[in-house]
Amino acid sequence: MSYAVTNPATGEVLTTYPTITDDELQAAIAAATEAHRTWAKSTTVEERAALIRRVGELHVERRQELAEIIVREMGKPIEQALAEADFAGDIYTYYADHSADFLKDEPVSLLAGEGTAVIRRSSLGVLLGVMPWNFPYYQVARFAGPNLIIGNTILLKHAEQCPESAAAIQQIFVDAGFPAGAYVNIYASHAQIETVIADPRVQGVSLTGSERAGAAVAEVAGRHLKKVVLELGGSDPFILLSTDDLDTAVQNAVDARLDNSGQSCNAAKRFIVVDDLYESFLEKFTAKLAEVEATDPTSSDSALGPLSSLKAAEGLEEQVKRAVEHGAKLVHGGTRDGAFFQTTVLTDVASDNPASKEEFFGPVAQVYRATDESDAVRIANDIPFGLGSYVYTTDPEQADRVANGIEAGMVFVNVVLADGAELPFGGVKRSGTGREMGRLGADEFVNKKLIRVG
């Protein structure tokens with residue numbers, strides 16, 4: 001395996017990076033262990049929060065440089081890349097502002113006996129983060145930000161196609177004033193990652209990625225009794241039950257499908273529309289999607305860039321072909337030009353079509369007809385995933401009822417692209433375990449120690 005920057009828009013290999021040696025890897029683990037033993041134990045939450053605040057500031061100060069890197073690495077349109085750098089800055093700032101409160105002693109009311117009891121949160125030690133290519137800065141922020149303030153130290157293995165952004169993040173932590181070993185970027189192979197997870201000095205692992213990667217990491221972690229947080233795939237439903245503004249609902253649906261060129265785990269991917277709105281929604285939705293063309297991601301006008309790699313585009317093309325072979329109707333799109341993929345709409349996807357149970361990571365939308373609310377919820381839940389979901393209705397009671405019935409870790413009602421640093425992110429079923437972001441994200445890798453005083 002190799003770490004390389006390959007521009008998906010051109011196919012040009014721009015830079016390569018060597019994989020870490022086994023000796024260098026052992027030195028990285030040792031440095032992170034020593035930083036936890038010394039720096040983490042001798043600093044306060046407030047002091048560590050101040051460093052993380054500076055990390056956030058540097059993401060914003062260097063937003064142009066950071067954005068241009070990921071446009072080269074994975075083809076994100078430049079305006080979205082700039083927004084990602086800003087959002088990462090917001091996440092670091094959020095944790096700098098709130099972690100002290102999250103880590104306060106939590107009193108426990110005694111049922112019997114005298115004295116007091118509290119839950120005190122403290123660090124676990126060295127953590128491994130295995131991060132994906134689709135949001136190179138945001139994904140790292142939501143893992144590293146809270147955990148470094150808690151006092152855990154970080155070994156960070158980024159995606160093989162994101163070595164330049166990985167190096168830029170490492171430099172930010174150095175420039176912010178973190179000591180050696182607190183945050184360590186490692187260009188590790190898959191075999192070396194198994195070594196890291198198995199190492200007794202490493203206390204937990206967080207992975208964002210595919211089901212296959214999650215299963216592999218969880219298997220190794222389970223053998224070695226390590227805490228795991230997994231954020232995996234999703235095929236999120238967008239349920240339209242009623243609306244007094246169909247054009248706005250359609251635009252929101254398009255926005256929810258095309259975020260990050262359709263390469264977002266919690267993007268809306270299956271559009272489930274009640275019968276009386278189905279035909280008009282499909283017509284307007286298809287027309288709106290067709291207006292968006294894949295263009296040069298360096299242009300400020302680009303809303304849809306190439307997919308992250310030629311391999312990703314070829315894989316998506318095969319998925320669409322397989323869906324059609326199994327009976328789906330190709331209403332629009334389906335063509336590929338290198339790593340650029342046309343916006344695509346599929347309908348008539350039967351429950352026995354493999355496409356109905358798959359995640360399409362790119363600008364491909366499936367549109368389903370539902371007879372009523374109950375049928376819409378059934379279709380939404382008929383999937384191995386359970387990450388996010390979207391419900392559009394003018395009836396507040398219906399919104400609450402449907403939100404309660406959806407099998408997912410997140411439900412957004414009448415709003416899209418509403419993720420926030422304060423909102424927990426995560427799923428159920430094959431979409432993973434645990435949460436990131438918000439207070440819950442800061443509560444995954446901590447020792448919740450009981451202190452009972454008589």
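Rules used throughout
Residues numbered from 1 in each chain as written. Predicted model: local features only at pLDDT ≥ 70, side-chain atom pairs only at ≥ 80, totals over all residues. Heavy atoms only, no water. Helix = DSSP H or I, 4+ residues; strand = E, 2+ residues; numbered from the N terminus. Rg over C-alpha atoms; globule rule 2.2 N^0.38 Å. Contact = heavy atoms within 4.5 Å. Areas by Shrake-Rupley, 256 points an atom, 1.4 Å probe, with all protein chains shown as cover. Lys, Arg positive; Asp, Glu negative; His and termini not counted. Charge placed at Lys NZ, Arg CZ, Asp CG, Glu CD. Buried < 20%, exposed > 50% of the residue type's maximum accessible area, 1.4 Å probe, protein only. Polar contact = N/O pair within 3.5 Å; in protein donor to acceptor, adjacent residues only side chain to side chain. Pairing = 2+ DSSP bridges. Axes fitted to C-alpha atoms, helices over the stretch in contact; angles between N-to-C directions. Salt bridge = Lys/Arg side-chain N within 4 Å of Asp/Glu carboxyl O. Expected span 1.5 Å × (residues − 1). 1 Å grid on protein atoms, 1.4 Å probe; cavity = no way out; pocket = protein on both sides within 12 Å on 5 of 7 lines; lining within 4 Å. Points joined across faces, edges and corners; volume = space filled by probe spheres on them. Nonpolar A, V, L, I, M, F, W, Y, C, P; charged D, E, K, R; others polar.

A. Representation of the overall build of the protein within the structure. If you tally the helices and strands in the protein, you get 14 helices and 22 strands. Over its C-alpha atoms the protein spans a radius of gyration of 23 Å, differing by no more than 12% from the 22 Å that the globule rule assigns to 454 residues. Taking the principal axes of the C-alpha coordinates as reference, the protein spans close to 65 × 60 × 40 Å. Contacts in the protein between residues far apart in sequence, at least 24 positions, make up 72% of those at least 6 positions apart. Surface accessibility of the protein: about 18,300 Å² in total, with carbon and sulfur atoms responsible for 51%. Counting 40 positive and 65 negative side-chain charges, the protein places the centres of these two groups 7 Å from one another.

B. Broad picture of the side chain of Thr393. The residue Thr393 is located in the loop between strand S18 (390-392) and helix H13 (396-405) in this model. On the basis of relative accessibility, which here comes to 6%, the residue Thr393 falls in the buried class. Within the structure, Thr393 has its side chain in polar contact with the backbone nitrogen of Asp395 (distance 3.0 Å). Setting aside its immediate chain neighbours within four residues, Thr393 contacts Leu241, Ser242, Gln398, Ala399 and Asn414.

C. Quick look at the sheet that holds strand S9 (residues 227-231). Read from one edge to the other, the open sheet built from six strands follows the order S7-S6-S5-S8-S9-S21, with strand pairing classed as mixed. One side of each edge strand has no neighbouring strand; the edge strands of this open sheet are strand S7 (183-185) and strand S21 (432-433). Of the strand pairs in this sheet, S9 and S21 are connected by two bridges, and their pairing is antiparallel. Looking at the pairing, Glu231 lines up with Gly432 of S21. Taken strand by strand, helix H1 (residues 22-42) contacts strand S5 (126-130), strand S6 (153-157), S7 and strand S8 (202-208), and its axis lies near 155 degrees from that of S6.

D. Geometry of the pattern of salt bridges. A complete count under the given rule lists 30 salt bridges for this structure. The salt bridge partner of Arg54 is Glu61, with a shortest N-O separation of 2.8 Å. When the shortest N-O distance is used, the salt bridge between Lys284 and Asp247 registers 3.0 Å. Of this pair, Lys284 sits in helix H10 (residues 275-291) while Asp247 sits in helix H9 (residues 246-258), and the two are 37 residues apart along the sequence. Asp247 gets classed as partly exposed once you look at its relative accessible area, which sits at 49%. Overlapping salt bridges bring together Arg54, Glu57 and Glu61 as one network.

E. Representation of H9 in the model. Relative to the 18 Å expected for 13 residues at 1.5 Å per residue, H9 spans 18 Å between its end C-alpha atoms, a close match to the ideal helical length. Tucked inside the fold, the buried residues of H9 contact strand S10 (236-240), strand S11 (268-274), H10, strand S16 (364-370) and S18. Taken from the residues just after H9, Asn260 is the one with a positive phi, measuring 55 degrees.

F. Main features of helix H3 (residues 63-74). Spanning 12 residues, H3 covers 16 Å between terminal C-alpha atoms, matching the ideal 16 Å at 1.5 Å per step. Every buried residue of H3 is listed here: Leu66, Ala67, Ile69, Ile70, Val71, Glu73 and Met74. On its buried face, H3 is in contact with strand S1 (3-6), helix H2 (45-61), helix H4 (78-102) and helix H6 (163-176). Following H3 by one or two positions, Gly75 adopts a phi angle in the positive range, close to 80 degrees.

G. Seen up close, empty space enclosed by the protein. Scanning the model with the defined rule gives three cavities of 30 Å³ or more in all. There is about 50 Å³ of room inside the largest cavity. Surrounding the largest cavity, 13 residues form its lining, Pro237, Phe385, Gly386, Gly388 and Glu407 being those nearest its centre. Listing elements by their share of the lining of the largest cavity, those giving two or more residues are S10 and strand S17 (385-386). Among the residues forming the lining of the largest cavity, the class breakdown is seven nonpolar, three polar and three charged.

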